[in-house]
Amino acid sequence: MMGIRVQDTAFDAGAELNTFTEAQSGAGAVVSFSGIVRDVDGGLEHMEIEHYPAMTKAALEQIAQDARERWALSDVLIIHRFGHLRPRDVIMMVATASKHRADAFAAADFLMDFLKSRAPFWKKEHLNDGASWVSATDQDEAALKRW
Amino acid sequence: MMGIRVQDTAFDAGAELNTFTEAQSGAGAVVSFSGIVRDVDGGLEHMEIEHYPAMTKAALEQIAQDARERWALSDVLIIHRFGHLRPRDVIMMVATASKHRADAFAAADFLMDFLKSRAPFWKKEHLNDGASWVSATDQDEAALKRW
Amino acid sequence: MIDVLYFAWVRERIGLPKEQIETQAKTVAELVSELVEREERYAVAFSDLSSLRCAVDQELVEFDAPITAAREVAFFPPMTGG
Amino acid sequence: MIDVLYFAWVRERIGLPKEQIETQAKTVAELVSELVEREERYAVAFSDLSSLRCAVDQELVEFDAPITAAREVAFFPPMTGG
């Protein structure tokens, strides 16, 4: 199983986690990651997330598929928002389910590294004193080499 | 911050995740792990979890404290059930919050390794054809050496 | 005719999200060279290719990728998802 | 007098969860030796110390830990939390 959603509306990460967990049979471990809009020194008014609609879903499916080939996962969920977000909003979540915990942990970590640098999203921070695109970091690129 | 609960009643992992996430300010990453009662080839009637009441909470607090000293965490949550559980019940959850994802991931992974082998819980599986205590594995003990 | 898409600050510098281009370019790099010669705003947007990524028909590729059979080429900065 | 607690299959083999014991034992290991000599069920429960863990006053310790000032000693199999 595998669920991929790209949406501009908010979602309830807790409800998604419960739905995901209840759908499993045979899984002993569920790991989730939620990414949250951090306020930048109190100056963030909102965050704008642009994406490449024709490519996004296929890219996320490919990343999820890569994870499924590397670890014994019974399920993968990816939800990613785009559009207008406010500080403390949940930007995205991933969840992984597996029989044993090591697979679920490694896969969630892997998904995040690849989502960060290989899924076509771009973040722009609108601060009190102007707007700027968030830069990718060398660290993000280096993280991919772990896998 | 740090929340530790040991209880015989069920809890709502999704609601706990939301409450935990909403309580954070400045965190950009939340990782959760849920442990689920796996059915053993369709033969598990129930699982019984025994614990050492006078020791459990202090042991969990110590593990959470160790995690806080190793990583930059804004919060840690541990909920662990004891008593009578059925297949697919959520046994326990941990959640970690941090500014950047690497800390939240590593800390949740660490918490699980230590909860598994250093928190005073014992599981007994009641199968169709008899009951037996779950054995600790060499793998669980080896996992501690990663840290 | 090929669809060329721009995202994030590439879109802002070039001033539009998408355009149709008549080109004989055989690779992404050749397409970039053509665009750079067209107008200053392209030269600015493409001044440092190491800070850009590209996709051909929605697949991430290197700048030497062929585009002779492509319908869509996209240019954008390194992604910042998650 | 010291409280001695048993958990999981140690509790089941010894047949009770807790008892008070009058002892002059200076370490956990000495306490185990005394118990083993008392009755067969203790000898069975403590036959393989490598499969047992112990805590003194709710702290995990090795079998050579002192118990002269202890109020509570607990014996149990390796833990299986999580």
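Worth saying up front: this structure is predicted, and the values here are computed from it rather than measured.

Asks: Before we move on, could you go through the overall build of chain C and cite the residues and values that matter?
Replies: Helices and strands together make up the secondary structure of chain C, namely three helices and five strands. Listed by position from the N terminus, the elements making up chain C come as β-α-β-α-α-β-β-β. Relative to a compact globule of 82 residues, whose C-alpha radius of gyration would be 12 Å, chain C shows 12 Å and is just as compact. Referenced to the eigenvectors of the C-alpha coordinate spread, the extents of chain C come out at roughly 30 × 30 × 20 Å. A total of 82 residues make up chain C; the buried ones form 49% of that total.

Asks: Describe the relation of the copies chain A and chain B, with residues and values.
Replies: When chain A is fitted onto chain B, the two copies agree to an RMSD of 0.0 Å after a turn of 180 degrees and an axial shift of 0.0 Å. The transformation relating the two chain copies, once decomposed into turn and shift, fits a two-fold axis. Closest approach to the rotation axis among the C-alpha atoms of chain A is made by Gly14(A), whose C-alpha sits 1.8 Å away. A high fraction, 100%, of the interface residues of chain A reappear at the interface in chain B, so the copies pair face to face through one surface.

Asks: Pulling in residues and values, what's your account of the interface of chain B and chain D?
Replies: Every contact between the two is made by 24 residues of chain B and, on the other side, 19 residues of chain D. Remark: the boundary between chain B and chain D carries two salt bridges. The salt bridge partner of Glu12(D) is Lys124(B), with a shortest N-O separation of 2.4 Å. The interface formed by chain B and chain D holds twelve residue pairs in polar contact (both at pLDDT 80 or more) in total. Secondary-structure elements contributing two or more residues to the side of chain B that touches chain D are β3 (44-51), α2 (53-70), β6 (90-98), α3 (101-118) and β7 (121-127) of chain B. For the side of chain B that touches chain D, the element with the most residues is α3(B), which contributes five residues. Of the residues belonging to the side of chain B that touches chain D, the class tally is 15 nonpolar, four polar and five charged.

Asks: Would you mind going over the sheet that holds strand β4 (residues 73-81) of chain B in detail, with residue names and values included?
Replies: Judged by pairing direction, the sheet is mixed, and its eight strands sit side by side in the order β1(A)-β4(A)-β6(A)-β2(A)-β2(B)-β6(B)-β4(B)-β1(B) without closing on themselves. Edge strands, defined here as strands with exactly one partner in the open sheet, are β1 (3-7) of chain A together with β1 (3-7) of chain B. Each strand of the sheet is rotated relative to its neighbour by a mean of 5 degrees, with strand direction disregarded. Direction of pairing for strand β2 (residues 29-36) of chain A relative to strand β6 (residues 90-98) of chain A: antiparallel, over a ladder of eight bridges. Pairing of Ser32(A) across the sheet is with Ala95(A), part of β6(A). Sheet strands touched by helix α2 (residues 53-70) of chain A: β1 and β4 (73-81) of chain A. Its angle to β4(A), the strand with the most contacts, is close to 150 degrees. Its contacts with the sheet put α2(B) on β1 and β4 of chain B, and the angle it makes with β4(B) is roughly 150 degrees.

Each value, and the rule that gives it
- Residues numbered from 1 in each chain as written.
- Chains lettered and ligands numbered in written order.
- Predicted model: local features only at pLDDT ≥ 70, side-chain atom pairs only at ≥ 80, totals over all residues.
- Heavy atoms only, no water.
- Helix = DSSP H or I, 4+ residues; strand = E, 2+ residues; numbered from the N terminus.
- Rg over C-alpha atoms; globule rule 2.2 N^0.38 Å.
- Buried < 20%, exposed > 50% of the residue type's maximum accessible area, 1.4 Å probe, protein only.
- Least-squares fit on C-alpha atoms with pLDDT ≥ 70 in both.
- Contact = heavy atoms within 4.5 Å.
- Salt bridge = Lys/Arg side-chain N within 4 Å of Asp/Glu carboxyl O.
- Polar contact = N/O pair within 3.5 Å; in protein donor to acceptor, adjacent residues only side chain to side chain.
- Nonpolar A, V, L, I, M, F, W, Y, C, P; charged D, E, K, R; others polar.
- Pairing = 2+ DSSP bridges.
- Axes fitted to C-alpha atoms, helices over the stretch in contact; angles between N-to-C directions.

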